Structure formats: C-alpha cells, structure tokens
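# Breakdown of the fold
Here's the letter readout for the chains.
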Amino acid sequence: MKFIADVMLGSLAKRLRLLGSDVLYDRTLNDNEIIRLSLEQDRVILTRDTGLAARPLAANHLFINCDGALAQVQQVLSAFPASSQPLTRCSECNVPLACLEKRDARDLVPPHVYEAHDEFLQCASCGRIYWKGSHVKRMTMPAGVKQNSRSARTGPAVQKTNENKIR
Ligand SMILES: [Zn+2]
C-alpha cells in the first residue's frame, strides 16, 4: 500500500516510513497535485483537510482524525493492516534501505551499538544507518566521514556491493 500525505502530516509520514510504508510527502504540493499523484501512482491520500477529502477525485483517501502522531499511525495501521514492514525504508528520504554488512558498519556506529547488533541497514540516498533495537533507532554517518570526499566515494561502492549480493 502506497500513500501520499498532506502538508499537515509530516511526522506521520516519517513514522510510517519507519514502518516500511512508501509515503510521498512534499510540503510544496497543492491539493490538485496531491490528487493527481494519488491517481497516477495509486496512492491513498492521508489527509486532515476536510476540503481535500470532499473532492470527488480524492475518494481514495483516509481522513486522519487523531491529533498525536502515534494515534495517527494506529489509525493508518487499523485501516491498512498489511502496510507495516518495520525498518525497510528511510524515514527522511522514503528510499528502501539496503543491507549493510556488519563489518562495514564498524566505523559508522557507536561501539556499543556495533557489539549489540548484527543487522544493519543503510539508506543509499542520505547514508543514514539503521539497526533493530528495543526501539527503532537511527543515526547519520559521522560528520567527518561525510565531509571527506574519499570516504564519500566509499559510500556508493558499499551500496553497489550490497546490491550485487541481493541480486
Ligand atoms: Zn535517507
């Protein structure tokens, strides 16, 4: 199930992405563009806007009537129970995460995290690293790594290796 969230639902969009849902969220989209993308890409519109929800072409929508993001997530998951696959998608970029070999994560996560976890995932777009813990956690690559152009080139190379493994 794919979604498109209106401008009021940015934090819901991020939480749904952490649960694996493909959620398009762009603050610059107006109602007409949201409806067009929903139809073109077969996305359910998530909205708190009664005006948008009332539009005939926006019939494929879920009206979010809860205030808190957690309650909103619950509302979406009750309406679409199959839409949760935790930790498969970057919460910032909406890009599917790729496996990161544990040894490749060694220098990119804090030592206690490296010791405690065996499964790491990385966003190919922004480089954020994700791992499964008692809570869903995430971190960016250390600033020094990001700014170093030599290391920056290592990023895509790691990604390519992982893609090859998946294939
Ligand atoms: Zn990302």
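Before reading on, note that the structure itself is shown above.
All of the points below concern the structure found in this document. (Residues numbered from 1 in each chain as written. Predicted model: local features only at pLDDT ≥ 70, side-chain atom pairs only at ≥ 80, totals over all residues.)

### Considerations on the nonpolar core
Of all hydrophobic cores here, the largest spans 17 residues; its most connected members are F3, A5, L12, A13, L16 and L46. At the level of elements, strand 1 (2–5), helix 1 (10–18), strand 2 (22–25), helix 2 (31–40), strand 3 (43–47) and helix 4 (69–79) are the ones that each hand at least two residues to this core. Leaving out residues up to four positions away in the same chain, A13 has contacts with A5, V23 and Y25. L97, L100, F120 and C123 belong to the second largest nonpolar core, which has 12 residues in total. (Core = buried A, V, L, I, M, F, W, Y, C linked by C-beta atoms within 7 Å. Buried ≥ 20, exposed ≤ 12 C-beta atoms within 10 Å, placed from the backbone. Helix = DSSP H or I, 4+ residues; strand = E, 2+ residues; numbered from the N terminus. Contact = placed C-beta atoms within 7 Å.)

### Details of the packing of helix 1 against helix 4
For the pair helix 1 and helix 4, the least separation of the axes is 9 Å and the interaxial angle reads 60 degrees. In terms of orientation, helix 1 and helix 4 fall into the oblique class. Regarding helix 1 and helix 4, the two cross each other, and that crossing is right-handed. In this structure, helix 1 contributes S11, L12, R15 and L16 to the contact, and helix 4 contributes A69, Q72, V73 and V76. (Axes fitted to C-alpha atoms, helices over the stretch in contact; angles between N-to-C directions. Parallel < 35°, antiparallel > 145°, perpendicular 65-115°, else oblique. Left-handed = near helix turned anticlockwise from the far one by under 90°.)

### Overview of helix 4
Among the residues of helix 4, Q72, V73 and V76 are the ones counted as buried. Here the buried residues of helix 4 occupy an arc of 100 degrees about the axis, which is enough to place them on one side. In this structure, helix 4 carries L70, A71, Q74 and S78 as exposed residues pointing more than 90 degrees from its buried face. (Arc of directions from axis to C-beta.)

### Examining the environment of C66
Relative to the helices and strands, C66 resides in the loop between strand 4 (61–63) and helix 4. Sequence spacing of C66 and R48 is 18 residues, and the spatial spacing of their C-alpha atoms is 8.9 Å. Beyond its immediate stretch of four places on either side in the chain, C66 contacts A71, Q72 and Q75.

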